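Analysis of the macromolecular model
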Amino acid sequence: MPPDPNLGPEPTPFWRTRYGIGLLVLGGVGGYFLLTEHLAHVAGALPYLLLLACPLMHVFMHHGHGHGHHGDKQKAD
């Protein structure tokens, strides 16, 4: 279906405007400096985060194994 000529042109998305591009650039520069200045703090915490990830993965990723559903299957007659 062709676009309605009475509606006019579609509005430009925010991220394609001059202000949106400027915000992306400022966010990228801020993210770069945040990462470079705080990398030592994050790198010091990585071993603890790895150890914390093990029990969290065990808790949240074992839900699909069917534990606790051993007697729920119905027998075919």
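Everything below is about the structure printed above this text.
In this report, we go over the structure that sits alongside the text. (Residues numbered from 1 in each chain as written. Predicted model: local features only at pLDDT ≥ 70, side-chain atom pairs only at ≥ 80, totals over all residues. Heavy atoms only, no water.)

Some words on the overall build of the protein
What the protein contains, in helices and strands, is one helix and zero strands. Taken over 77 residues, the protein has a buried fraction of 1%. Taken as a whole, the protein presents about 7900 Å² of accessible surface, with 69% of it coming from carbon and sulfur. (Helix = DSSP H or I, 4+ residues; strand = E, 2+ residues; numbered from the N terminus. Buried < 20%, exposed > 50% of the residue type's maximum accessible area, 1.4 Å probe, protein only. Areas by Shrake-Rupley, 256 points an atom, 1.4 Å probe, with all protein chains shown as cover.)

Quick notes on the packing of aromatic side chains
Scanning the model with the defined rule gives two aromatic pairs in all. Relative to Trp15, the ring of Phe14 lies with its centre 5.1 Å away and its plane at 70°, an arrangement referred to as edge-to-face. Taking the centre distance of 5.3 Å and the plane angle of 70° together, the rings of Tyr32 and Phe33 count as edge-to-face. Stacked on the ring of Tyr19, the Lys or Arg Arg18 has its end atom at 5.8 Å from the ring centre. (Phe/Tyr/Trp six-rings, centres within 6.5 Å; stacked < 30°, edge-to-face > 60°. Lys NZ or Arg CZ within 6 Å of the ring centre and 35° of its normal.)

Digging into helix α1 (residues 18-61)
Helix length check: α1, at 44 residues, gives a terminal C-alpha distance of 44 Å against a target of 64 Å (1.5 Å per residue), a shortfall beyond 12%. The sharpest bend along α1 comes to roughly 60°, located at His38. (Expected span 1.5 Å × (residues − 1). Bend = angle between axes of the 7 residues up to and from the residue.)

Any link to function would need more than the numbers given here.
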